[in-house]
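Reading the structure
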Amino acid sequence: MTLFVLSVLLAGVSTLWVVHPIFARKLALLADVERADVLDAESRKSVALSSLREIEYDREAGKLDETDYRALHGQLAAEAMQAIRASDYVHTPGDEGRHACGFRNPPGSRFCGGCGTRLA
Amino acid sequence: MTGIGEVALWIALLVSAWGMAMAFVGGRVDRGDLVLAGERSILAVFGLLVVSSGAIIAAFLGNEYRYNYVAGYSNRELSVFYKVTGLWAGQTGSLVFWALLLALFSSLVVLQNRQRNREFMPYVAGTLLGVLLFFLVVIVAASNPFKLLDFTPLDGRGLNPQLQNYWMTIHPPTLYLGFTAFTIPFAFAVSALLSGRLDTRWITTTRRWTLLAWFFLTNGIIFGMMWAYVELGWGGWWFWDPVENASVLPWLTGTAFLHSVMIQEKRGMLKMWNVLLILGTFLLSIFATFLTRSGLIESVHSFAQNLTIAWIFLGFLSFLILLSAGLVWWRRDRLQSDNQLESFVSREAAFIGNNLLFIGAMFAILWGTMFPLISEGITGQKISVGPPFFDRVNVPIGLLLLALLGIGPVIAWRKATARNLRRNLAVPVGVSLTVGAILWVTGVRHVYALLTFALGAFVLATIVTEFWKGTRARARIEGENAALALVHMVQRNRRRYGGYIVHVGLVVGFMGFAGKAFYVERQAAIRPGESIEVRSPFGHGYRLTYQDMSAYPATNMTKLIASVRVERDGVRVGTLTAEKRSYRQREEVASEVGIRRAWNEDLYLILAGIDNPNGVLDGTNRQPLATFRVLVNPLVPWIWAGGFIMAVGTLIALWSTSEPGRRGPPAQARQPAASRPRRPELVEA
Amino acid sequence: MLPLAVLLQTAPQHGPPPSNAVAQSAIAELRSPYCPGLMLEVCPSPQAELLRDSIRDLAAAGETKDEIVAWMLDRHGEEWRAIPRRSGVGLWAWIVPPLALLGAGAWLARRGSRLRRTAPPPVTPGEISPADQARLDAELRELERIG
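Predicted model only: the values in this text are computed from it and were never measured.

What follows concerns the overall build of chain C. Helix and strand counts for chain C come out as six helices and zero strands. In sequence order, chain C lays out its α and β elements as α-α-α-α-α-α. Per-residue burial for chain C yields a buried fraction of 24% across its 147 residues. Considering only contacts within chain C whose residues lie at least 6 apart along the sequence, 47% involve residues at least 24 apart.

This is how it looks when you write it as structure tokens:
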């Protein structure tokens, strides 16, 4: 008898718990609180900056010689600046409807004219 | 009352089916309420599994032998400790335990991601519930721990004596923690494929889960080795048993994954490869479970053969393979590389080489494990594939890996120049050659052992140089003193330097493996007062003198204990005991070995046989003839030390810096308004 | 490196005598008829020890590993062979893993070099403006600060 009561109780509580959101219209978030483009820009920036810092150490440690260092540094610095601008841009309020890198693409573009990323 | 556990299993089954449907549908049609119902289902399943597992433990503690499972793995004399761990002592209980751990991790993921990764979460929740549903179906359909016996026996059959060991209670849960934790990155990968968000976010957001899974899997495997070493009493720690092999397969692909994701994060390459690796890792962990439980392949580990389970697992495995292949094919366009390989002399290329070797080893082990089945299926002739096969195939791969382990860290990303490489490798190669030469001169002629030590020295030398140069560079760039620079350097690059420490552990472990080349063995039947002599490969000699044999009747067994005096080069260093135990309830005999551990070798004593044991018990055989097997196992302690170092390194890497994008407010938020960014278009114009 | 140095001082003086090594390698290739599922090497049964002793005697009498293995399989049956033969079906067990590894390696090397040929030449960026450089430095310091 106790087993029966307990079983019903367990089933009832479980059902209520997993069905309740639908009746009460309780919603889970469907998108992040932080905007996806902000997150993407931030992560691209941090990767670019870390690479830049790393080659600094690699040169200091003798893994990169001066010519390679210069070439890589120029390339990475350009990438990092692009990422920084994109990150700055997505943090500037009032400019919805642009790609994360900040470039305003004409409607229907398949690739971003600013950074070359494929557009959804 | 413990019957509530079975009810909870059925409710959990229904809830997980419901939740899976809600999560997938909610994600597809953007309905937040359905997604919430799905996520709540995970928490509910966890709660229900806690009830169910609690009921199993209560049944063990309450000696409820009407349950088949409890009767098979416990008896009245079993200590409380082993009654609690009875939850995972046998097949049916261990599947519930597995589901419980998976539900625990899944719940943590739900709680962790209430604000973030929201686009992933519907499909993540759906996938996790799908896996939980599978395990619950297996449990209620084919492996119910609450199955009743036709009658209630007065006492249970007791626990297999070989499982009554500390390592055996901790080895399976650790392994299961590893297997189940790999489900989390798998679920995120499936979700990334379904939602089409195939940038690095699914990888960075599950990085800690992956490391945690690797940590548990690595330790689980090492604990298993320790158990085999002290409990099986064969003097070895690894036997290339099918089930051991099965646990190593996902470890190898998981390790490859840990390395190759770095290329994607840094260079946007290998996107498809990484997805395939994590899908493969999960598939192999399911395969490992299947192999353990199906009884398909002869193994010392197998739970009793259960064909129903074998078929359900095989069906699930095939479904998963088709699903994974279909998803990857569907999204192949979004899995193209952003960048190209710039040079074969680069860190990227070294990582790709590392992946090739890990996958090569995985394939070789899988092939050898399945070969008896394959050959029987095709030719009708069963061919055994024993340990020497795996040694011969894997040792060369292991040595190549060691070499790469030393070269990898000194190659720069993108493109390294040969001149720089030569300069950076000069010292380590010198150290390696010196070590090899010294060992040669001292008389080591075993080729593989020589190579292991020489390459090991090479790797250690590069890692020490790496730490030294990094510290020096940092001290110079940041103007810090050496100690501070070292601490900061590790703190700022925990994954990298933690990884190097893991490499050190691996090298120490490999050297321990190589010690097997020098083991020494003696076996003799002697009477009390007589001795056996063995010579250690390190040069000293041991004399073991058999002193006496005593009998101890304990509650559930009778122990016969031989005590042996140990002298090293004529100096007494202690006493070893080795036992034979005969368990009354199960009519089984087990040996307990005596091990004298030093920093560089183990003296390992096995009591292999006793003449007329009944005479010892009733006192008529006062001078019993006993057969002893004595082994000197060089460098075995290094294996355990290596494992410990690897664990420490993983913890350092795990204590990771925060994910990108979660670093608090961006820099320019603190800047004055005047320096607000210009629009990029203006910059371009 | 210190433990290694200590090890070196006490490193093995002599390898195992040759006949012992032959016996060891023969034992390693056999399964035990006396312990189900176990290798002869680790089988604790007294009969297994007798068998190991006979193998050691044969090795001491100068027989080769293959002769000893053949002798044992003649007496006890082919099913106790622990590793596949290097002929017939057994050969497949040996050659597939190395071939797979070599094949995959060759494929990767070809693919890598094709990718490299088609790779666009690396961009040669212009000089970075002083303002940008200052911003980069500030960002790097920030990265350093928050780790």
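So, next bit.
All names here are of chain B. Reading across from one edge, 2-3-4-5-6 is the order of the five strands in this open sheet, with antiparallel pairing throughout. Where the open sheet ends on each side, the last strands, each with one partner, are strand 2 (531-535) and strand 6 (588-592). Across this sheet, the average inter-strand angle for adjacent strands is 25 degrees, counted without regard to direction. Examined bridge by bridge, strand 3 (residues 541-553) and strand 4 (residues 557-568) share 11 bridges and lie antiparallel to one another. What sits directly across from M549, in strand 4, is A562.

Right, let's talk about the interface of chain A and chain B for a bit. How large an interface is tends to be reported as the accessible area lost when its parts come together. The partner chain B presents 55 residues to the 50 residues of chain A that form the contact. The element that contributes the greatest number of residues to the side of chain A that touches chain B is helix 1 (residues 2-24) of chain A, accounting for 12 residues. Taken together, the residues of the side of chain A that touches chain B break down into 24 nonpolar, 12 polar and 14 charged.

Another aspect to go through is the interface of chain A and chain C. Contact with chain A, which involves 10 residues of that partner, is made by 10 residues of chain C. Listing elements by their share of the side of chain A that touches chain C, those giving two or more residues are helix 2 (36-60) and helix 3 (66-91) of chain A. Residue contributions to the side of chain A that touches chain C peak at seven residues, all from helix 3 of chain A. For the side of chain A that touches chain C, the per-class residue count stands at seven nonpolar, two polar and one charged.

Another point: the environment of F282 of chain B. Inspection of the secondary structure assignment puts F282 of chain B in helix 12 (residues 271-294). Once residues within four sequence positions are removed from consideration, F282 of chain B is found in contact with F182, T183 and F186 of chain B.

A word on unusual backbone geometry. Residue and element names in this part refer to chain B. One non-glycine residue, N117, lies in the positive phi region at around 55 degrees. Even without being a glycine, L635 presents a positive backbone phi close to 65 degrees. Tracing the chain through its elements places L635 in the loop between strand 9 (626-634) and helix 21 (636-654).

Of all residues in chain B, 93% attain a pLDDT of 70 or more, and the chain-wide mean is 88. Overall, residues 658-685 of chain B carries pLDDT values under 50, and its contacts beyond four positions in sequence, including any with other chains, amount to 40 contacts.

Right, let's get into the pairing of strand 3 of chain B. Residue and element names in this part refer to chain B. Of the pairings in the sheet, the one linking strand 2 to strand 3 comprises five bridges and is antiparallel in character. Across the sheet, the residue bridging to S531 is T545, located in strand 3. Linkage of strand 2 to strand 3, two consecutive antiparallel strands, is achieved through a turn of five residues, within which G539 is found at a positive phi near 115 degrees.

So, about the confidence of the model for chain C. Residue and element names in this part refer to chain C. When pLDDT is averaged along chain C, the result is 78, and 78% of the positions lie at 70 or above. Across chain C, the secondary-structure element scoring lowest on mean pLDDT is helix 1 (residues 2-9), at 42, and the one scoring highest is helix 4 (residues 65-76), at 90. Counted against residues more than four places away or in other chains, residues 1-17, with its pLDDT under 50, gives 25 contacts. Across the interfaces of the predicted complex, the ipTM metric reaches 0.82, alongside a pTM of 0.89.

A word on the domain arrangement of chain B. All names here are of chain B. When the domains of chain B are assigned, the result is domain 1 (418-517 + 640-657) and domain 2 (519-638). Each of domain 1 and domain 2 has a C-alpha centre, and these two points are 39 Å apart. The interface is formed by nine residues belonging to domain 1 together with seven residues belonging to domain 2. Listing elements by their share of the side of domain 1 that touches domain 2, those giving two or more residues are helix 19 (494-514) and helix 21. For the side of domain 1 that touches domain 2, the leading source of residues is helix 19, giving four residues. Taken together, the residues that form the side of domain 1 that touches domain 2 break down as four nonpolar, four polar and one charged.

Residue and element names in this part refer to chain B. Pairing is antiparallel in the open sheet, where four strands are placed in the order 1-9-8-7. Both edges of this open sheet fall to strand 1 (520-526) and strand 7 (594-597), since each of them pairs with a single strand only. Averaged over all pairs of adjacent strands, the angle between strand axes in this sheet comes to 15 degrees, irrespective of strand direction. Judged from the four bridges that link them, strand 7 and strand 8 (residues 601-610) form a sheet pairing that is antiparallel. Bridge pairing in strand 8 links R597 to D602.

About the criteria used
- Residues numbered from 1 in each chain as written.
- Chains lettered and ligands numbered in written order.
- Predicted model: local features only at pLDDT ≥ 70, side-chain atom pairs only at ≥ 80, totals over all residues.
- Helix = DSSP H or I, 4+ residues; strand = E, 2+ residues; numbered from the N terminus.
- Buried ≥ 20, exposed ≤ 12 C-beta atoms within 10 Å, placed from the backbone.
- Contact = placed C-beta atoms within 7 Å.
- Pairing = 2+ DSSP bridges.
- Axes fitted to C-alpha atoms, helices over the stretch in contact; angles between N-to-C directions.
- Nonpolar A, V, L, I, M, F, W, Y, C, P; charged D, E, K, R; others polar.
- pLDDT = per-residue confidence, 0-100.
- Domains from an automatic or database assignment.

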